[in-house]
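Now for the letters of each chain:
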4 protein chains.
Amino acid sequence: MAASTATLLIHSPDQPGLVHSVTGFIFNYQGNVLHLDQHVDRESSTFFMRVEWSLDGFGLPKDIIAAAFKPLADQRRMTWELHFNDVRPRTAIFVTKEGHCLYDLLSRHEAGELPIDIPLIVSNHDTLRGAAERFGLPFHHFPVTAATKLEQEQRMLELLATERIDTVVLARYMQIISPAMIAKFPHRIINIHHSFLPAFAGARPYHQAHERGVKLIGATSHYVTEELDQGPIIQQDVARVSHKDSVQDMVRLGRDLEKIVLSRALWLHANHKVLVCGNRTVVFD
Amino acid sequence: MAASTATLLIHSPDQPGLVHSVTGFIFNYQGNVLHLDQHVDRESSTFFMRVEWSLDGFGLPKDIIAAAFKPLADQRRMTWELHFNDVRPRTAIFVTKEGHCLYDLLSRHEAGELPIDIPLIVSNHDTLRGAAERFGLPFHHFPVTAATKLEQEQRMLELLATERIDTVVLARYMQIISPAMIAKFPHRIINIHHSFLPAFAGARPYHQAHERGVKLIGATSHYVTEELDQGPIIQQDVARVSHKDSVQDMVRLGRDLEKIVLSRALWLHANHKVLVCGNRTVVFD
Amino acid sequence: MAASTATLLIHSPDQPGLVHSVTGFIFNYQGNVLHLDQHVDRESSTFFMRVEWSLDGFGLPKDIIAAAFKPLADQRRMTWELHFNDVRPRTAIFVTKEGHCLYDLLSRHEAGELPIDIPLIVSNHDTLRGAAERFGLPFHHFPVTAATKLEQEQRMLELLATERIDTVVLARYMQIISPAMIAKFPHRIINIHHSFLPAFAGARPYHQAHERGVKLIGATSHYVTEELDQGPIIQQDVARVSHKDSVQDMVRLGRDLEKIVLSRALWLHANHKVLVCGNRTVVFD
Amino acid sequence: MAASTATLLIHSPDQPGLVHSVTGFIFNYQGNVLHLDQHVDRESSTFFMRVEWSLDGFGLPKDIIAAAFKPLADQRRMTWELHFNDVRPRTAIFVTKEGHCLYDLLSRHEAGELPIDIPLIVSNHDTLRGAAERFGLPFHHFPVTAATKLEQEQRMLELLATERIDTVVLARYMQIISPAMIAKFPHRIINIHHSFLPAFAGARPYHQAHERGVKLIGATSHYVTEELDQGPIIQQDVARVSHKDSVQDMVRLGRDLEKIVLSRALWLHANHKVLVCGNRTVVFD
């Protein structure tokens, strides 16, 4: 587990010999492949691949691997990312008033389950300051009104830049993220929406679900894009409900979905198991 | 299992003493309650109840029970239905070309799992005639074009009337049911839609699901009402999919959902465990 | 939600008129039934019932209801319990070193989800003292060795008596509970076992599961009885695993099952939805 | 879907360069990899891989591929199987009296879902002859008593040999398979057991489950080995039950699990997605 590994996420137009050439690159420098998952989408003739290999005895220093891989990638027209398992994404958690996702993430983090660093918590309300402080984490309160929203977002962006934040988790953050922030964190803002998207996008999904009389409620974790609740889906799950469940019961049952789905999405993201292609994800789990 | 029972399905404005008065009616005629499930929706102050009792030694003949119960029901402003477990709904199954739901229903029926009679199969194509005939069931082919649709539906309605059909099951019947037929079978036409409604209503739901990149596909069984795919939901379920699954894989995996969800909805309906209130169902399972 | 209610849990030999007589008792004092769930196990001719009614305007003071109900219960040979929703079980949480269930319970409690009081945390290790203190809860450390076990358990029992503890939750407490403590808390000690019981009882269930090559792992919450992992099951759930999951992955995935299953069992218990009959539970959910 | 492909299933001691060398073999003959799934079990240092490639324009005729691959496989100490997607396993289905799994398999087969041929149905009872004949399949009745069991199994084996049967599916066949037959079909006899193994192995699992009061029932599909219900597990699933469910209800609900789990296991087997290693399976799904 502690062993140092590198991971390549690749997609490209399909062509023969892609796996062979990538594994050749690894093998030529004495790397040993630990996991390789590859798939061709035959409809679009797109090649997807995730490969993780051990850096024990690998013949290239970490800071040169990308440069060494680039010529091959260029020649084969690959879109690619290189990650190292000992570089932990610096992750900011955004919250509003509900604490279940926050507590869940913090206790997982404390247990060593999530390979991330959490330099700070951001909120538009002061409600969860105590929760953050109990875990020894800086809590930044940015009260937002219609009038101050742009200015506050600008201040948030400065804070995120100062803290070299790489990933933003919206753990039931009840504000719409502005295009400026989305542009700074492309496919690096993870939201949890409390419905089985695309059903019940927008406000008050449990009320909508109750009104429609569905027999299952859901939760969806996705990357935030400019269109509200329309970004690439990372993870979803559902739970059974019945006529006995009021909206409040759905809220209670839904909290369990939300925290499991969000933490699972973050785990996948932080372990570099998610590749975005168009408006869909490829999840190598 | 073979013992004779009666079932009352009731909803009414909530008021004290409702359970007591209904169970009093049963007790006064020496009936023994086998299952009673009751619920008050506190938001709308609506009372829902299903009670099933043994007719062994019950002090009223079956054909008088409804008349005997009516005064109490009227006084308490109940909406109610009375059913007997030895009166099997006469059920017509409508199909088009895909046979998985039909086979599933017929093999369940043969195994004695569904308390219904199936006097006939109806189809707008001749494809599944062989399947029906293998199970010894009359197969009626009504080819439908835009020009003949109304006329053919009229003929279907006559057939259903002649055969004293009580319940219609749309087992992947790929035609929109006309308002005239819906009016004849209010909350007695059960459809299976191959998505997790309200997501992906309408045509080609697996294509829609694939396009959106959802991580779960679903199926929904509902009563047919005039608004397409908007009727009261009886049963839903989902299955996990991944980026590896093409639309064709979703179709294959979805068939299992469709047949389980449809047969389960029919089982609940045929056992008088479903009560419709507004556009929602109360399912006493 | 805040409204005051009473709940009766009843089982008895089946006989006609039981529902009617109990609802009669409630109705005679102007109580309005909110939920009634009743079931007859036909094999054993046993009657089970849960009824919850509003105390708004109820004609008996709370402290007299039990005495008033007793004659009817005696006459009908009922085994019964009476609970009030505003009497919150005083619950002690026992832990060892792993904190995921503890954090989960404490954050749910803080969110108002669990109708219990938590006067104290007990542990055989000091590891989770910080977690308890963050939530402002007294933490009692009882180090246990083979030599001191009996003496320490005696001290624990005294503490539980002093604090008037009603329910004990073993939130991954890695010690076998002695018969003396079990006798003091009959069907009031709730354990979480990290397998789908009866599979993989005893030690190291994830190792057993990995060794056997199962495709699903599970968790089981049950009341503690003298036979290890054999008590009445309250709640179970499972999650899918594959050959890619090592024992450590199972441990990680299993934590989510454990916390959801344990908290759900405690929620059911604390809302008086669980009735024990023999070695099985009847769960009115 | 119709395109011709080859699949290699490989396991071996782990060593660097394995993926590279296998994909090199494919690439050198102009094969294009469609799916590659590879995994290293780090505990046991075992390498597992499934690779499927297109035979369109592949530079070796099908009947020479194995011989051409052998030197590489020997040098790397691989255990391997080579399959072609247009060689359909000749599959015998064994049944007793219950038809739900049989109907399910036959209707899937008719729909083109299962890439197998079904030359015959075998049974120790005559009950399902009609079901087989409806689908136009030869039905062979081998009545078995304690006295005739060996002799009848010998006759069955002769029939299976004559019909060049490759895979045997026990679709609720209620007889223990003798070691002689198991030896002839190593990891090619697929059974469905109606419990979540290892819980409730042996006879009457639903009775055992009811007695224990579990909240979920299960089904398990596994390869048959000499130890009863102990073979490598291919697929498992569960469904929720409650105190309201009698043994008969569990039987009814369990049938759905059984047919889904068995057909899924057969689909995985027939698509060469299952690799057996020791007493566990690696399922590349």
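For the structure itself, look to the data block above.
(A) Region of the structure containing the nonpolar core. The biggest cluster of nonpolar side chains holds 184 residues, and the ones touching the most others in it are Ile121(A), Ile121(B), Ile121(C) and Ile121(D). Among all residues touching Ile121(B), those that are not within four sequence positions of it are Ile93(B), Val95(B), Leu102(B), Leu106(B), Ala132(B), Leu137(B), Pro138(B), Phe139(B) and His140(B). Formed by 50 residues, the second largest nonpolar core is a distinct cluster that contains Val40(A), Trp53(A), Ala73(A) and Phe69(D).

(B) The pattern of salt bridges, seen in detail. Following the criterion strictly, the structure yields 84 salt bridges over all chains and no others. One salt bridge in this structure joins Glu163(A) and Arg90(A), with 3.4 Å as the shortest N-O distance. In this pair, Glu163(A) sits in the loop between α5 (149-162) and β8 (167-170) while Arg90(A) sits in strand β5 (residues 90-95), placing the two residues 73 residues apart along the sequence. The class for Glu163(A) is partly exposed, based on a relative accessible area of 26%. Ionic pairing is found between Arg129(B) and Glu133(B), a salt bridge with its closest N-O pair at 3.7 Å. Of this pair, Arg129(B) and Glu133(B) both sit in helix α4 (residues 129-134), 4 residues apart, which is roughly one turn of the helix.

(C) Highlighting the sheet that holds strand β4 (residues 79-84) of chain A. Strand order in the open sheet made by the 8 strands is β4(A)-β1(A)-β3(A)-β2(A)-β2(D)-β3(D)-β1(D)-β4(D), with antiparallel pairing throughout. Sheet topology places β4 of chain A together with β4 (79-84) of chain D at the edges, where each strand pairs with a single neighbour. When strand polarity is set aside, the average angle formed by the axes of neighbouring strands in this sheet is 10 degrees. Packing of helix α1 (residues 18-28) of chain A onto the sheet brings it into contact with β1 (5-13), β2 (32-41) and β3 (46-54) of chain A together with β2 (32-41) of chain D, and relative to β3(A) it is tilted by some 20 degrees.

(D) A look at the relation of the copies chain D and chain C. Of the transformation superimposing chain D on chain C, the axial component is 0.0 Å and the angular component is 180 degrees, with the fit at an RMSD of 0.0 Å. The operation mapping one copy onto its partner corresponds to a two-fold rotation axis. Measuring from the rotation axis to each C-alpha of chain D, the shortest distance belongs to Ala199(D), at 2.3 Å. Residue by residue, 100% of the interface of chain D is reproduced at the interface of chain C, so both copies engage with the same surface.

(E) Examining the sheet that holds strand β11 (residues 233-240) of chain D more closely. All names here are of chain D. One open sheet accounts for 7 strands, arranged β7-β6-β5-β8-β9-β10-β11; its pairing is mixed. Each edge of the open sheet is held by one strand with a lone partner, namely β7 (139-141) and β11. For this sheet, the mean angle separating the axes of adjacent strands, direction not counted, is 20 degrees. Sitting on the sheet, helix α5 (residues 149-162) is in contact with β5 (90-95), β6 (117-123), β7 and β8 (167-170), with an inclination near 170 degrees to β6.

The rules behind these values
Residues numbered from 1 in each chain as written. Chains lettered and ligands numbered in written order. Predicted model: local features only at pLDDT ≥ 70, side-chain atom pairs only at ≥ 80, totals over all residues. Heavy atoms only, no water. Core = buried A, V, L, I, M, F, W, Y, C linked by side-chain atoms within 4.5 Å. Buried < 20%, exposed > 50% of the residue type's maximum accessible area, 1.4 Å probe, protein only. Contact = heavy atoms within 4.5 Å. Salt bridge = Lys/Arg side-chain N within 4 Å of Asp/Glu carboxyl O. Helix = DSSP H or I, 4+ residues; strand = E, 2+ residues; numbered from the N terminus. Pairing = 2+ DSSP bridges. Axes fitted to C-alpha atoms, helices over the stretch in contact; angles between N-to-C directions. Least-squares fit on C-alpha atoms with pLDDT ≥ 70 in both.

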